[in-house]
Amino acid sequence: MSRSSDFLSGIISGALVGAAFALLYAPDTGKNTRDRLSYKLSNYYDELNDLIDQLRKEKELLVSEAKEKGDKVVLEAKEKAEGLIKEAEDLLESIETAKEKSAKKG
């Protein structure tokens with residue numbers, strides 16, 4: 001075995017022995033200890049669910065904001081494109097007008 005495997009085995013063994021001693025020498029009865037542990041786990045579970053709900057709401061808000069910003073960018077790009085098309089049409093019209101004037105003179 002490598003040193004890291006030996007170290008990991010030692011940690012796990014120590015944790016198991018420590019847990020066994022803690023249960024054997026606990027100042028309270030097993031039922032009370034289990035009830036207290038169950039109560040704390042229930043509280044942690046509720047807190048975790050609350051956090052998950054909060055994260056979901058924040059995610060929805062961020063997605064909504066991102067969609068609004070995306071829509072705004074698309075609208076601005078569309079307006080700029082329409083402006084450029086109008087400018088190109090005006091330029092083509094002025095070129096056609098110049099050609100007609102030039103043909104009439106010549």
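Reading the values: rules and limits
Residues numbered from 1 in each chain as written. Predicted model: local features only at pLDDT ≥ 70, side-chain atom pairs only at ≥ 80, totals over all residues. Heavy atoms only, no water. Helix = DSSP H or I, 4+ residues; strand = E, 2+ residues; numbered from the N terminus. Buried < 20%, exposed > 50% of the residue type's maximum accessible area, 1.4 Å probe, protein only. Areas by Shrake-Rupley, 256 points an atom, 1.4 Å probe, with all protein chains shown as cover. Lys, Arg positive; Asp, Glu negative; His and termini not counted. Charge placed at Lys NZ, Arg CZ, Asp CG, Glu CD. UniProt positions renumbered as here; feature names shortened; annotations may be inferred.

If you check an unreviewed UniProt entry, the protein chain appears there as YtxH domain-containing protein from Gracilimonas halophila.

Asks: Help me understand the overall build of the protein chain, please; the structure alone is not making it clear to me.
Replies: Counting its secondary structure elements, the protein chain contains two helices and zero strands. In terms of overall dimensions, the protein chain has a C-alpha envelope of 115 × 40 × 10 Å along the principal axes. Within the protein chain, buried positions represent 0% of all 106 residues. For the protein chain, the accessible surface area stands at approximately 10100 Å², while carbon and sulfur atoms represent 62% of it. With 18 positive and 21 negative side-chain charges, the protein chain shows a separation of 2 Å between the mean positions of the two kinds.

Asks: Please explain the UniProt feature "coiled-coil region" (unreviewed entry) in the protein chain as it appears in this structure.
Replies: With numbering aligned to this structure, UniProt lists the feature "coiled-coil region" (unreviewed entry) at residues 41-105. In residues 41-105, helix accounts for 100% and strand for 0%; the two terminal C-alpha atoms are 95 Å from one another.

Asks: Quick question: what am I supposed to make of the environment of Arg36 here?
Replies: Examined against the element boundaries, Arg36 turns out to sit in helix H2 (residues 30-105). Residues Arg36 and Tyr25 lie 11 residues apart in sequence; the distance between their C-alpha atoms is 16 Å.

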